[in-house]
Amino acid sequence: MPISFYVHIPFCRSKCYYCDFNSYAGLEHLFQPYVEALSREISFMASLPDPEAGESLYFGGGTPSLLSPELIGSIIESVRENFGLLSTAEITLEANPGTVDRHSLEALLEKGINRLSLGAQSFHQDELSILGRIHGPEEIEQALREAREAGFGNVNLDFIFGIPGQTLDRWRATLEKALELEPEHLSLYALSLDENTPLARRIASGELPAPDEDLAADMYCLAEEMLGEAGYEHYEISNWAKPGFASRHNIRYWLNLPYLGFGAGAHSFRWGMRWHNILDPAEYISILSSPRLTGFPSPVACEVEHITPRIEMAETVILGLRLVKEGLSFERFRARFGRDLWEIYGPQIEELVELGLLEMDEERIRLSPRGRLLGNEVFQRFV
C-alpha cells in the first residue's frame, strides 16, 4: 500500500510572532549539511521492513522555499531512489510570499513540485505586522501570479482568522481578495496561541486584545458561506478546494493512514508506533553524520509511543470526523478493526447526535455545522 512522506525544513528568515513550530532563523550555513543529513535518514529508513512507494510528499516548515530548487530536487530524488514515488504522486512545497519568483518556481516545477502552498495569512498590512509576517499583501498577489506564469495549476493559500483587532468586515475583505485570485485550494485557521510566543505575551500583557471566540465563530461561518457560494468544496474542517483539488496528502492524515516524516522535529506514524525526531537541526545533522547509523525506528527518533488498538480506534474516529462530507464510514472502520463502531462508541454517538453535534445516516457519522464549531467538545468524548 502506498505511503505518504513529510519532510520538515526548520529554517526561516524571521520567526513569526505566533509560531510555535520547530523553526529557526539565521541558520543558512546549515542548509547544505541538513539536506545531506536528510538523505542519510531517508536511506536508513528505506532499509527497514516493508519500504513503500510514496503517494504524496509534503515539504513543510519553517520555510522550505528558502532552500534552492537544486536542494529541494536532491531531496525528492533521494525519496524516489530509496522508496519510489508513484507517477501520480502529489508533491507539495510550502512557500512564503517574497521567497519565490518566476525563475525559482519554474525550477521547482521542473524538479517535481506540482502543488504550491503559499502562507498568505492576511491581505491587511497591519494584521500581517501583528503576526510578524515579513511579506506584504502585494507580494501574495505577485507570488500567485508568478506561480501561474511558471506553470503551477494547483496552488493553496493559507489564511488566519481571529487576529487581535480583526473585524468581520476585514475578514470578509481578505476572503473576497482571496477568491478574486482563484486558488485551487484554501486553508483557513483560527489563530492558535502558545504561551511561549511573542504574540501570546503581548496579549497577556494587555497590549493587544484577546481573541474573541464568538467573533471567530462568525468568521468561520462567513467563510463557509462565501467559499461555498464560490464553488469550493468544504472537505475538511479547515480546508476548502475546487472539485478535484483536495489535498491528497492531508486526507491521508485524516484517514489515520501511515506516514513517515524526515527532518528535525518531523513526526511519523508507522509499524504501530508514533514518534518524532529530535528538534535541534545541528544535533540532527551530527547524529546522522555517524559512519554507522543504528536505532529503531530511526537513529534520530525520540518519544516513541506504541499505539494500542484502542488508541488507534479513538484517533481514527477523531481524525475521520474532521472530514466534512465523508465523515467516518461505518464500513471503513469495520474493515480496519474487525469491530462495529457502535460496539465501541455507541453511547457517545447517541449523546452527540441528541446534542445536535453529530449527524448520522446509514453509512457514516459526520459533524453537524454546529459540531464543526465545537469540534473539541465532540472529540474529547472519544479520548
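Computed from a predicted model, the values in this text were never measured in an experiment.

Criteria and cut-off values
- Residues numbered from 1 in each chain as written.
- Predicted model: local features only at pLDDT ≥ 70, side-chain atom pairs only at ≥ 80, totals over all residues.
- Heavy atoms only, no water.
- Helix = DSSP H or I, 4+ residues; strand = E, 2+ residues; numbered from the N terminus.
- Expected span 1.5 Å × (residues − 1).
- Contact = heavy atoms within 4.5 Å.
- Polar contact = N/O pair within 3.5 Å; in protein donor to acceptor, adjacent residues only side chain to side chain.
- Pairing = 2+ DSSP bridges.
- Core = buried A, V, L, I, M, F, W, Y, C linked by side-chain atoms within 4.5 Å.
- Buried < 20%, exposed > 50% of the residue type's maximum accessible area, 1.4 Å probe, protein only.
- Patch = residues over 30% accessible without salt bridge, like charges linked within 9 Å, V, L, I, M, F, W, Y side chains within 5 Å.
- Areas by Shrake-Rupley, 256 points an atom, 1.4 Å probe, with all protein chains shown as cover.
- Salt bridge = Lys/Arg side-chain N within 4 Å of Asp/Glu carboxyl O.
- Disulfide = S-S within 2.5 Å.
- Arc of directions from axis to C-beta.

1. What about helix H2 (residues 69-82)?
An ideal rise of 1.5 Å per residue puts 20 Å on 14 residues; H2 measures up with 20 Å between its terminal C-alpha atoms. Contact partners of the buried residues in H2: strand E1 (3-9), helix H1 (31-46), strand E4 (54-61), strand E5 (85-95) and helix H3 (102-111). The positive-phi residue at the C-terminal boundary of H2 is Gly84, with phi of around 95°.

2. Regarding the side chain of His8
Within the secondary structure, His8 sits in strand E1. Side-chain polar atoms of His8 contact the backbone oxygen of Asn22, separated by 2.8 Å. Beyond its immediate stretch of four places on either side in the chain, His8 contacts Asn22, Tyr34, Gly60, Gly61, Gly62, Phe262, Gly263, Ala264 and Ala266.

3. A word on the sheet that holds strand E16 (residues 358-360)
Hydrogen bonds along the backbone pair up the strands of a sheet, which may run parallel or antiparallel. One open sheet holds the three strands; their spatial order is E15-E17-E16, and the pairing between them is antiparallel. Across the chains shown, the open sheet's two edge strands, defined by having one partner strand only, are strand E15 (328-329) and E16. Bridge analysis of E15 against strand E17 (residues 364-367) gives two bridges, and the strand direction is antiparallel. Within E17, the residue paired with Leu328 across the bridge is Ile365.

4. Things to note about the nonpolar core
As a rule of thumb, soluble globular proteins bury nonpolar side chains together. In this structure, Phe59, Tyr284, Leu321 and Tyr345 are the most contacted members of the largest nonpolar core, which totals 98 residues. The element contributing the most residues to this core is H1, with nine residues. Ignoring any residue separated from it by four or fewer positions in sequence, one finds Phe59 in contact with Val7, Ile9, Pro64, Ile72, Ile75, Ile76, Ile91, Thr92, Leu93, Glu94 and Ile113. Of all hydrophobic cores here, the second largest spans eleven residues; its members include Tyr18, Cys19, Ile163 and Ile203.

5. Description of the side chain of His276
Mapped onto the fold, His276 is located in strand E13 (residues 273-277). For His276, a relative accessible area of 13% puts it in the buried group. Polar contacts involving the side chain of His276 include one to the side chain of Glu303, which spans 3.4 Å. Look past the residues within four positions of His276 in its chain and what remains in contact with it is Gly265, Ala266, His267, Val300, Ala301, Cys302 and Glu303.

6. Description of a nonpolar patch on the surface
Taken together, the side chains of Trp342, Val353 and Met360 define a hydrophobic patch exposed on the protein surface, amounting to about 230 Å² of accessible area. Topologically, Met360 is positioned in strand E16. Given the relative accessible area of 41%, Met360 is considered partly exposed.

7. Topic: the environment of Glu81
Mapped onto the elements, Glu81 comes out in helix H2. Judged by relative accessible area, which is 62%, Glu81 ranks as exposed. Sequence separation of Glu81 and Asp194 is 113 residues, and the distance between their C-alpha atoms is 39 Å.

8. Comments concerning the state of the cysteines
For the coordinates displayed, the defined rule picks out zero disulfides. Free cysteine Cys19: the closest other cysteine sulfur is in Cys16, separated by 6.2 Å. Cysteine Cys302 shares no disulfide, and the gap to the nearest cysteine sulfur, in Cys19, comes to 18 Å.

9. Here's the deal with H3
Among the residues making up H3, those that are buried are Ser104, Leu105, Ala107 and Leu108. For H3, the buried positions fall inside an angular range of 160° around the axis, keeping them on one side. Those residues of H3 that are exposed and aimed more than 90 degrees away from the buried face are His103 and Glu110. At its buried positions, H3 is contacted by H2, E5, strand E6 (115-121) and helix H5 (137-150). Capping of H3 at its N-terminal end is provided by Asp101; its side-chain oxygen lies 3.2 Å from the backbone amide nitrogen of His103. One or two steps after H3, the chain reaches Gly112, where phi turns positive at roughly 125°.

10. A closer look at the pattern of salt bridges
One pass over the full model with this rule turns up 23 salt bridges. One salt bridge in this structure joins Glu52 and Arg270, with 3.2 Å as the shortest N-O distance. Of this pair, Glu52 sits in the loop between H1 and E4 while Arg270 sits in strand E12 (residues 267-270), and the two are 218 residues apart along the sequence. Judged by its relative accessible area of 11%, Arg270 is buried. Across the pair Glu305 and Arg274 runs a salt bridge whose closest N-O atoms are separated by 3.0 Å. Of the two residues, Glu305 is situated in strand E14 (residues 301-306) and Arg274 in strand E13; the sequence distance between them amounts to 31 residues. Given the relative accessible area of 32%, Glu305 is considered partly exposed. Residue class for Arg274 comes out partly exposed when judged on its relative accessible area of 22%. Each of Arg102, Glu106 and Glu149 takes part in salt bridges that share partners, so that together they form one network.

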